[in-house]
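Analysis of the macromolecular model
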Amino acid sequence: MLIYGLFATYYVMTVNLVYFSIMTFSFRQILTIFRRAAFSKYNTLSGSELVPPVSLLVPAFNEEITVIENVKCLLTLNYPAYEVIVINDGSKDNTLGVLRDEFELMPLPDPDIRQTIDCQPITAVYHNPKYPHLYVIDKPNGGKADSLNAGINLSHYPLISSIDADSLLEKDALIRMARMYMENPEETVAIGGDVRIANGCVIENGAVKEVSLPRKIWPMFQATEYLKAFLGGRIGWSSINGLIIVSGAFGLFRKDYVIAVGGYRGGYPGEDMNIIIKLHRYMLENKLKYRIAFCPEAVCWTQAPDTYRILSNQRKRWGRGNLKNMIENYDMAFNPKYKVMGLLTMPYNIIFEALNPYFKITGLLALIGYTLLDMTHWRVLAVFWLINFLSGYVLSIGALLLEELSFKRFNKLSDLCKLLMFSAFKFFGYAQLGGLWRIQGHIQFLRNNNSWGTMTRQSWQDKGEAAAKAAKPAKSA
Amino acid sequence: MAGQHLGLAIAFIYVCLGLIGIGMLLLFYMKIRYLRIQRKTKEYLRKHQDYFLFLQAHLGDAEELPLPPGKLGDLERRVIQQRVTEWIEQFKGDLQQKLIALCYNAGFVREDLKLLDSLFYGRRIAAAYRLGGMRAAEAVPRLLEMLKHQKYSPLSIVLARSIAKSAEQEQQLRDMLIHLLRHGKPIHHLAADILMETRLDASRLLLQLLKEDHEDLVKVALAAMRGQEGLEEAPALGRFAFALDRRETTA
């Protein structure tokens, strides 16, 4: 038992040391990212015919509350040539109806659909010449991956971008990504954007007008998590070309390569991670020079789950998707043929992400049992817990430093204090819940339970009004 | 044995505590400093509102534009410089020239030229960016030198754009393209977009590039000509593109 307790302690130290190393790569990159963002103006590029055109794919399932605002936001991006393809994935609500009414859409008599990737048969494609860049696909429910594949089959442009229907893109987000693509078009196969939590922000006309932190605790915890994952993790992983995921909420892809790998894999969540693993595999097996990049200055704002039930469902789904991807691609782990992906990213994800909750929880239980049996001093238990807490907190502070060095989105000293507090509170229950949800996700996977779970939406307008109301008294005070 | 492990673990804890302490101090220092700069910037923008209105009203006059009266602090000067540079981007012709002259007379260009010698890379890049904004032709040879020694990165694009904005000779633009394209990346579209920032006669320049032996320069010219209206030699594009494609296919 003692040996296992020691093993768990060293495991926690090792996982955090690996994370420190990745964060060091992020720190090495952050000043370049800051300068790139600060010293680039997009007034010429966003009107240039030299920018590659992009098809924005927006899968929508029961999104009647948010979809109009999101589509309006997408139709007004600072980008010279793009189309918006909304895919109504057999919604049970009136998603298609509200879209048809708002944009006066009519069915296209003979839509030009290429069946390059298998997907559910498309029922109809809606269009209105008044909105020449907007298409709406209607199809039976087949999941998010299937919707993206349907969108690819209709898309007219060489680059595709997947965007969640509950997210809002900043006006410059796409042009920032395109600029990054243009810097190395031959090797860039995918670029991920930064996803930030919109809860608590003041939203007007489909855009975040005033950035603020969420007022509820669940989104607040997620805000600290997202900062750590995106700034602390993804910048570092992308700098060594070991990025394993481009968030489904906002990513840009070369269409030819997505088609070459057979499109998105349906049937399971985690399609955003799966497509990136497939792209890595394809490029490495075919010995093609490539990069999968991360563009933290291209920001997409998303509604974070604000209740326990919705959040736990989301995290269990992520746990299932992650496990499925690891099992499907276990052959890549420790395989030098797959370079950074095989020697670092996959082993890290299997040992330190998928199996993390098991080691942490069993290690803690072993030490508690050992203490109760009076076989060791309580100090050992305290040391284990302190290592867990402090090393994790160092990483959270590192992520906040990265934010402060580069983007400085939060403009109040109180925001910094709140972020520091919640980064610490996270270790008193929330982190443990995260482990539990992941284990529950694994159990669901083993039981073949593949339901999406409940996901309710709130209108952006309601959220914006609530945030504005909350901001006004604060200002007058 | 267990004591050794515990000792190591406790050392790890002390390291973490040290890092947390340093991190927090840095965070508060950076945040307070940033908020102070933000507040001061807003104050200066408010203070000089009348001056900015004066500039707008007298942009068309024959006289040179002055700086606001009185001694200006470093940040105050930077705030004014930033506003004037934004206008330089928006205006063309004589109005733009007057604003550029203001930057010279106010000493903004001189200060940033000095900063190109800074030991700090960040300051050199920031100065290069601002010099491009102010269309500082004197800076071009130095910027070309910087671009020549710059490893390919997003900051190469920043330098190249500054050169394109400021260059007064076609040869400088050609050199800029050569330095930018020497890394072998197929960035002809981006290079064309950068090239079109020039104040020089774009049509003449593109036609000269089309006659180059350097294949990358021809490709940049072809890319830049896409969407350029009124070019008499447009039919020649097809011929060039065809010749290039054929050469690539044969190879």
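Residues numbered from 1 in each chain as written. Chains lettered and ligands numbered in written order. Predicted model: local features only at pLDDT ≥ 70, side-chain atom pairs only at ≥ 80, totals over all residues. Heavy atoms only, no water.

**As for the nonpolar core**
The criterion, for reference: By convention a nonpolar core is built from buried Ala, Val, Leu, Ile, Met, Phe, Trp, Tyr and Cys residues, the set being connected through side-chain atoms within 4.5 Å. Here's how the labels work: a residue is buried when its accessible area is under 20% of the maximum for its type, exposed when over 50%, partly exposed in between, all with a 1.4 Å probe on protein chains only. Secondary structure elements follow DSSP: runs of H or I no shorter than four residues count as helices, runs of E no shorter than two count as strands, and numbering proceeds from the N terminus. Segmentation into domains, and thus their bounds, comes from an automatic or database assignment. By definition in these notes, contact holds between two residues if any of their heavy atoms fall within 4.5 Å.
Counting residues in each nonpolar core, the largest one holds 214 residues, and the members touching the most others are Val86 and Phe253 of chain A together with Met176 of chain B. Take this core: its biggest share by element is 13 residues, from helix 12 (residues 378-406) of chain A. There are two domains that each give this core at least three residues, and those are domain 1 (41-61 + 73-106) and domain 2 (127-199 + 207-226) of chain B. The residues touching Phe253 of chain A, leaving out its near neighbours within four places in the chain, are Pro158, Leu159, Ile160, Ser162, Val189, Ala190, Val246, Val258, Tyr264, Ile275, Ile276 and Leu279 of chain A. Counting residues in each nonpolar core, the second largest holds seven residues, with Cys73, Leu168, Ala198 and Cys201 of chain A among its members.

**A few points about the UniProt feature "transmembrane region" (unreviewed entry) in chain B**
The criterion, for reference: UniProt positions are given in the numbering used here, feature names are shortened, and annotations may be inferred rather than shown by experiment.
Under the UniProt annotation, "transmembrane region" (unreviewed entry) lies at residues 6-30 of chain B. End-to-end, the C-alpha atoms of residues 6-30 of chain B are 36 Å apart, and along that stretch the chain is 100% helix and 0% strand.

**A word on the state of the cysteines**
All names here are of chain A. Formally: Here, two cysteine sulfur atoms that lie within 2.5 Å of each other are counted as a disulfide.
One pass over the full model with this rule turns up zero disulfides over all chains. Residue Cys295 stays outside any disulfide, its sulfur separated by 12 Å from that of Cys300, the closest cysteine. Taking relative accessible area as the criterion, Cys295 reaches 1% and is therefore assigned buried. Cys300 carries a free sulfur, and the closest cysteine sulfur to it, the one in Cys73, is 9.0 Å from it. Judged by its relative accessible area of 0%, Cys300 falls in the buried class.

**So, the pattern of salt bridges**
The test is simple: A pairing counts as a salt bridge when a side-chain nitrogen of Lys or Arg comes within 4 Å of a carboxyl oxygen of Asp or Glu.
Per the counting criterion, the structure on display carries 39 salt bridges over all chains. We note a salt bridge from Lys185 of chain B to Glu187 of chain A, for which the minimum N-O separation is 3.6 Å. Highlighted residues: Lys185 of chain B in the loop between helix 9 (170-181) and helix 10 (188-195) and Glu187 of chain A in the loop between helix 5 (173-182) and strand 8 (188-197), drawn from two different chains. Here Lys185 of chain B matches Glu187 of chain A in class, with each residue buried. We note a salt bridge from Arg78 of chain B to Asp112 of chain B, for which the minimum N-O separation is 3.9 Å.

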